[in-house]
Structures are given as C-alpha cells and as structure tokens.
Amino acid sequence: MTGERTHTVNPEDIKKEILSKYPPKVARKRGKQITPVSSDDKEGLQVGANVRTVPGIITQRGCCYAGCKGVIMGPTRDIINLTHGPIGCGFYSWLTRRNQTRPPSDDADNYMTYCFSTDMKDEDIVFGGEKKLKAAIQEAYDIFKPKAISIFSTCPVGLIGDDVHAVAREMKEKLGINIFGFSCEGYKGVSQSAGHHIANNAIFKHVVGLNDTVMDAKFKINLLGEYNIGGDGFIIDELLHKCGIDLVSTFSGNSTVDQFANCHTADLNAVMCHRSINYVADMLETKYGIPWIKISFTGPTSTASSLRKIAAYFEDQELIDRVEEVIAEEMIPVEAKIKDVKKRCEGKTAMMFVGGSRAHHYQELFKEIGMKVLSAGYEFAHRDDYEGRHVIPDIKVDADSRNIEELTIEKDENLYSPRKTPEQMQALEEKGYPFKEYEGLLPEMTKGSLIVDDISHHETETLIAMYKPDIFCAGIKEKYAVQKHGIPMKQLHSYDTGGPYAVFKGAINFFEEIDRMLNANIWQYLEAPWQKDPELSATFVGE
Ligand code: SF4
C-alpha cells in the first residue's frame, strides 16, 4: 500500500463515501449499521444490528447451524454431534474452529476429530430423511457407545419437515442414552447468533441439571462463553487454579456433557462472550439462583479486574489476598514485554471486525502497546453488545428473529437456592458490584473512529483506503484480500494457528505476534524497486 498514514480522516466522510456507492435502498439500510463516533460524548449513539444481511453484499456472516453446531456444541468432546443434512455443512465445519480439548486419558471419549453426517441425498429430500437419521444414530451408537448424541438440522431439514426431535425422543428411549436435537436450520434468524440461542435453549432443556453432585471445592464457578481457541481455556484454567478457584463447567471449551449436567451446582457464573451464552447465564440464575457477572480474560488489565471481581464476590480475605499475589507475579513478565514491544508498535493503528465479542475484548491488548483502534464492529452481535445491556428493553425483535424460541424458565422447586441473600447482593451492588451488567463495545471507541456492523467487502476496502490502518483483524475470508493491500492481517477467530492469547501468558504471545507482523520486512517489498524509483531501468542481457 502506498501513501502516508495520517489517521485524521473524519468518520462521517468515510460513511458518506461508503454509502455513495450503494443503490439508495441499500444505502438507507447500511446507513443504520454504520455509526461514526465523532466526539467523545457518545450519548444517544445507536448501532443498528442483528438485522438481515443485504443480498449480494459479500458479508462475513455465517448461518444458524454454524452458531449452534460450530460454536457452542462443537467444543464438547464426548457428545457425538451428528449433522443431519447434505455433506457440505458437516464437511466445511469439520475441525476448522481451533477449539482444543484435552481428554484425561488416551481411551477417554473424544469425537471432536470426526465429522458425523447423514449425508442426505436426493431421495432423502423427496421421501424424507428421518429413516436415514435413525439409522445413523443407531450406527454411531453401535460403533462408539457415546454418552450422548445431538442432531443438528441443516437448511433442507426444516423445509422437508423431518422431525428431528421426534427421532431424538424415539432413539433416546430405544438406546437409553441422552439424545437431543437442535432446529438450527441455516436460514433461521440472520446469522450465527440465532444458532447460539437455539443451542443455549436445547442444552438447558436436555442436559443442565441432570447431575446434582456438588464438587468439593470452596470457590466454584462456571466460565460461560469461552471456547478454548488455541488453548485459551487451558491457560485460564491454570490461572484460576493458581488462585484457588475451581471450574465446575466451561461453556464450552474443553467441555464434557457431564460438566453441563452438573453446572447448576456452581456458585457464580462468569460470562466471557456475552453474545453467545447470555441466555444460559440468565436461565441458570432464574432456575437455580446463581448470579452472573461479565468478565474478560483478554488483556492483563481485564484479567486482573475479572479475577478481583470473582474474589470480591466470594468475600473471602484469603482468596482476595491470593488473587492479588497471583496478579502481582503474573504482571512482571507482561509489563516487561509491553515495555519492549511498545518501542516498535506505539502510535500504530488497528481495526477489527470479529464475531460477537472479540472486537471489544481485543481493544485492550492493542491499547496496552500504545496502538489506536480506528474502526471496529461485529458480524452478528446485537445492540446490547454495542451499546450495553441497558438498551435491551428498547430492542425490537424483527420478523427474522421472531421464530427463535424464548424459553419460559421458572424456579426449580427443589434445586433453587439463592447463592447470596438479597441483603448481601444489595450490599455488593451498593459497593459498585456489577451483577448482570455489560457495557458493550461503544465505551471503547474513541473520537474519530467508526463502528460498522455486519461489514461488507466494499466497506472493508473503503476503510482500508481511507483510514490506512497498520493492521487489520478479522477472519479467514478477509485475510488474503486485506494482505494484498499491503496490510498485515491478524485472524482473531483462529489466531492464524497461534495462541493462546488469553490471560497474562496469552497477552505476551499476542504482543509478540503483533510486533512480528507489523514490523516484518515483507511489507517493504510490495513495490518493485523501479516503481519506487522510476530512474532505475533494466535491460535484457544481450541487448
Ligand atoms: S446455510 Fe444451510 S447449507 Fe449452508 S452451512 Fe448453514 S445449514 Fe448448511
């Protein structure tokens, strides 16, 4: 890429430039999802989100099946995840998300390396696929004898009327293991987000609460919305363990079906990715009385404050002191790394368009090394992920999302047990303790930046041309198009085979990686020498 990086572009001008290339109807629609942050006062700023994608615009988005099977259920190693559909859906989601797992022994169940599919053919579309689905469940059971099998509906399943839930019930009775289905056809909702909600509902209905054994541990929590990409979950577990905090379950990195069944015995829910799992957090509170807090283990400052929040909840001085010791110890190498990397990265700029939480969480890592985020947005977040949960009552559910079931949850007569008395909760809240609170991405965005929801390819190119960022973060579909502009591109879904990036140790990995990418020699060689210096000329030997 050529040209000076000035970073003084007005975000309103960028928005105008983007919209000027669209037909009026598209411009009107996209205009609502592009929000310039023109001043430090962000009062009243709204970000249009969770609406249907404009056809033909080249979106980053995936489907409901991807959100359900790929994101939430994929990381659980001992459930056979059976895709009911033609082969494409299962094949393209086979081991492409880097959610790692670590079975306790070599012979423990681990089906994550497999791709199970009913591989529907024309005759299954014409005559229905239920018979084939039953046979596939039977076959999977005969070969693997799993504890649980889950069935994921793909686009044609809903259209031809296969009843995966009836099949699940019948086969559950026949085989005596837990079998349940998800109506997560790809066309439901407008993005992966509908799939998250459907997965949350089904896991809550069919698995949560089945095992009441209480873990013998003093400080027991669930970690919700952490998917162990590149081993993030492993180092989070390690850190919590060092502090004396035990995990009953993680939704759903490195998880097992038994952990979900038992998760209602924890005393606190710590929510990482708000978008994908807030439904389970709310349902666990209503049914069992477990409060939830938003935390983030991305970035040293957020990690430290999240650990402090967890410790403050338990109100145990020994835990509070231990957490402080761990933070002090872990911060030493992080601070040294920041000091070193900052020398080469300070003043540079980044932009990021990722999923439903990382475009927020990763801003801290860039800020720590003196970098500025010029533009950010999500693929499939909702307004509360941008503007904060206080806007939830104002969100209108449109026709595209109305068919996603909202479960009505009630207190469990036997198992509901408030973890704290109302007085204790109130006392904590009065001290500023943030139960059920999430402020979203907006507070992170500084004057002059631009928020773009469900970004398109044209918008990506315009942002690059006008803002001239030093690094761009998104996913595999954007990676090579961006790099051809001469801009380093960091994948924040797969971590480009790298990671882990969570907590203190992961932050060090991330800083090293960004330093390496920004300062690699390759970016100097994008123009041939005679393009930079037209005086240079070459001749053919023998001329
Ligand atoms: S959109 Fe439909 S066909 Fe495509 S991956 Fe999703 S479920 Fe499969």
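Along each chain, residue indices are assigned from 1 in the same order as the chain's sequence is written. At least 70 in pLDDT is required for a residue's local features to be given in this predicted model, at least 80 for side-chain atom pairs to be given and counted, and no such filter applies to totals for whole chains, interfaces and linings, which use all residues. Only heavy atoms go into the side-chain values, all of them from the structure, while hydrogens and water stay out.

*Asks:* Please give an account of the packing of aromatic side chains that cites residues and values.
*Replies:* Stacked, edge-to-face and tilted are the three classes for Phe, Tyr and Trp ring pairs, Trp counted by its six-membered ring, which pair at centre distances within 6.5 Å; planes under 30 degrees apart are stacked, over 60 edge-to-face, the rest tilted. What the rule picks out here adds up to 23 aromatic pairs. Ring centres of Y313 and F314 lie 5.1 Å apart, and the angle between their planes is 80 degrees; this geometry places the pair in the edge-to-face category. Of the two residues examined, Y313 and F314, each falls in the buried class. Aromatic side chains Y313 and Y433 sit 6.5 Å apart centroid to centroid with 35 degrees between the ring planes, which places their arrangement in the tilted category. On the criterion of sequence distance, the pair formed by Y313 in helix 13 (residues 300-314) and Y433 in the loop between helix 18 (422-430) and strand 12 (449-452) is long-range, its members being 120 residues apart. An aromatic cluster is built from F219, Y313, F314, Y433 and F435, whose rings are joined through pairwise contacts. Sitting over a ring, as applied to charges here, requires NZ of Lys or CZ of Arg to be within 6 Å of the ring centre and within 35 degrees of the ring normal. We note R102 situated over the ring of F234; from NZ or CZ to the ring centre the distance is 3.7 Å. Above the ring of Y416, the side-chain terminus of K411 is found at 4.8 Å from the ring centroid. Only protein chains enter the accessibility calculation, which uses a 1.4 Å probe. A residue is then buried if its area is under 20% of the maximum for its type, exposed if over 50%, and partly exposed in between. For the purposes of this entry, the term helix denotes a DSSP run of H or I that reaches at least four residues, the term strand denotes a run of E that reaches at least two, and both are numbered from the N terminus.

*Asks:* Go over the pattern of salt bridges with me, naming the residues and quoting the values.
*Replies:* Each reported salt bridge corresponds to a side-chain nitrogen of Lys or Arg within 4 Å of a carboxyl oxygen of Asp or Glu. Scanning the model with the defined rule gives 34 salt bridges in all. Of the charged contacts, one joins D316 and K218 as a salt bridge, the two residues approaching to 3.4 Å between their closest N and O atoms. Separated by 98 residues along the polypeptide, D316 in the loop between helix 13 and helix 14 (317-345) and K218 in the loop between helix 9 (192-206) and strand 6 (220-226) bring together distant segments of the chain. Residue D316 is classed as buried on the basis of its relative accessible area, which comes to 16%. By relative accessible area, which is 56% here, K218 ends up exposed. What you see here is one network of salt bridges that share partners, running through K479, K490, D496, E513 and R516.

*Asks:* I'd like a description of the sheet that holds strand 4 (residues 148-153), backed by residues and values.
*Replies:* Read from one edge to the other, the open sheet built from 4 strands follows the order 3-2-4-5, with strand pairing classed as parallel. Only two strands of the sheet have a single neighbouring strand rather than two, namely strand 3 (116-117) and strand 5 (178-182). For two strands to be treated as a pair, DSSP must find at least two bridges joining them. Alignment of strand 2 (residues 79-84) against strand 3, held across 2 bridges, turns out to be parallel. Within strand 3, the position partnered with T83 by the bridge is S117.

*Asks:* Break down the domain arrangement of the protein chain for me, with residues and values.
*Replies:* Interface size is commonly expressed as the accessible area that is lost once the parts come together. With domains assigned, the protein chain is organised as domain 1 (1-61 + 336-388 + 438-527) and domain 2 (64-207). Between domain 1 and domain 2, the C-alpha centre-to-centre distance is 34 Å. Contact residues are listed per partner, giving 12 residues for domain 1 and 6 residues for domain 2. Put simply, buried area is the surface a 1.4 Å probe can reach on two separate parts but cannot reach once they are joined, added for both. Between domain 1 and domain 2 the total buried area reaches about 700 Å² when both faces are included, carbon and sulfur atoms providing 53% of it. Run the count over domain 1 and domain 2 and you get 0 salt bridges. N or O atoms closer than or at 3.5 Å make up a polar contact, with two conditions inside protein: a donor-capable atom paired with an acceptor-capable one, and, for residues adjacent in sequence, both atoms drawn from side chains. Where domain 1 touches domain 2, the interface holds 6 residue pairs in polar contact (both at pLDDT 80 or more). In this count, Pro and Cys sit with the nonpolar residues alongside Ala, Val, Leu, Ile, Met, Phe, Trp and Tyr, while Asp, Glu, Lys and Arg are called charged and the others, Gly among them, polar. Its residues assigned to classes, the side of domain 1 that touches domain 2 comprises 3 nonpolar, 6 polar and 3 charged. What marks off one domain from the next here is an automatic or database domain assignment. We call two residues contacting when some pair of their heavy atoms lies within 4.5 Å.

*Asks:* Quick rundown of the environment of K367? Include the residues and the values.
*Replies:* Structurally, K367 is set in helix 16 (residues 363-368). Given the relative accessible area of 35%, K367 is considered partly exposed.

*Asks:* Help me get a handle on the UniProt feature "domain: Nitrogenase/oxidoreductase component" (unreviewed entry) in the protein chain, residues and values and all.
*Replies:* UniProt positions are given in the numbering used here, feature names are shortened, and annotations may be inferred rather than shown by experiment. The feature "domain: Nitrogenase/oxidoreductase component" (unreviewed entry), as annotated in UniProt, sits at residues 63-518 in this numbering. The span residues 63-518 is 45% helical and 14% strand by assignment, and the distance between its end C-alpha atoms comes to 33 Å.

*Asks:* Break down the packing of helix 13 against helix 21 (residues 503-518) for me, citing the residues and quoting the values.
*Replies:* Interhelical geometry of helix 13 versus helix 21 gives an angle of 175 degrees and a closest axis separation of 9 Å. Comparing their axes, helix 21 and helix 13 come out roughly antiparallel. In this structure, helix 13 contributes P300, T303, A304 and L307 to the contact, and helix 21 contributes V503, F504 and A507. A per-class count over the contact of helix 13 with helix 21 returns 6 nonpolar, 1 polar and no charged. The angle between two axes is taken between their N-to-C directions and runs from 0 to 180 degrees, where each axis is a line fitted to C-alpha atoms and a helix contributes only its stretch in contact. Here the angle decides the label: under 35 degrees means roughly parallel, over 145 means roughly antiparallel, 65 to 115 means roughly perpendicular, and every other value means oblique.

*Asks:* I'd like a rundown of the site of the ligand, residues and numbers included.
*Replies:* In the vicinity of the ligand, the contacting residues are C63, Y65, C89, T154, C155 and G186. Its residues assigned to classes, the shell around the ligand shows 4 nonpolar, 2 polar and no charged. By convention in this text, a residue qualifies as near a molecule or strand provided that one of its non-hydrogen atoms is within 4 Å of it.

*Asks:* Now, about the environment of K134: what can you tell me, with residues and values included?
*Replies:* Structurally, K134 can be placed in helix 6 (residues 130-144). Judged by its relative accessible area of 26%, K134 is partly exposed. Along the chain, K134 and T118 lie 16 residues apart, while their C-alpha atoms are 9.5 Å from each other. Ignoring sequence-local partners within four residues, the contact set of K134 consists of V167, E170 and M171.

*Asks:* Give a description of a nonpolar patch on the surface that names residues and reports values.
*Replies:* Surface patches are defined over residues having more than 30% relative accessible area and no salt bridge, joining like charges when they lie within 9 Å and nonpolar side chains (Val, Leu, Ile, Met, Phe, Trp, Tyr) when within 5 Å. Method for areas: the Shrake-Rupley scheme with a 1.4 Å probe, in which residue coverage is limited to the protein chains shown. Where nonpolar side chains cluster on the molecular surface, the patch consists of I87, F91, Y92, W94 and L95 and spans about 570 Å² of accessible area. By the element assignment, Y92 lies in helix 4 (residues 87-92).

*Asks:* Run through the pairing of strand 1 (residues 34-37), naming residues and quoting values.
*Replies:* Judged by which residues are buried, strand 1 turns out to be covered on both faces: I34 and P36 on one side and T35 and V37 on the other are all buried. With 4 bridges connecting them, strand 1 and strand 12 associate as antiparallel partners. Along strand 12, the bridge assignment pairs P36 with L450.

*Asks:* Describe in detail helix 21, supporting the description with residues and values.
*Replies:* Under the convention used throughout, the expected extent of a helix is 1.5 Å for every residue step, that is, one less than its residue count. Taking 1.5 Å of rise per residue, 16 residues should cover 22 Å, and helix 21 covers 22 Å from first to last C-alpha, within 8% of that figure. Burial analysis of helix 21 places 12 of its 16 residues in the buried class, which makes it a mostly covered element. Considered for burial, the residues of helix 21 that qualify are V503, F504, G506, A507, I508, F510, F511, E513, I514, D515, M517 and L518.

*Asks:* Describe in detail the nonpolar core, supporting the description with residues and values.
*Replies:* Generally speaking, soluble globular proteins have nonpolar side chains that are buried together. Definition used in this section: a nonpolar core is a set of buried Ala, Val, Leu, Ile, Met, Phe, Trp, Tyr and Cys residues joined via side-chain atoms within 4.5 Å. F182, F297, M352 and F366 are the most contacted members of the largest nonpolar core, which has 114 residues in total. Counting contributing residues per domain, this core is built from domain 1 (1-61 + 336-388 + 438-527) and domain 2 (64-207), each supplying no fewer than three. Residues within four places of F182 in sequence aside, it is in contact with C68, M73, S150, I151, F152, S153, V164, H165, I198, A199, A202 and I203. Judged by nonpolar contacts, the second largest core, of 24 residues, contains Y22, V452, L463 and M489.

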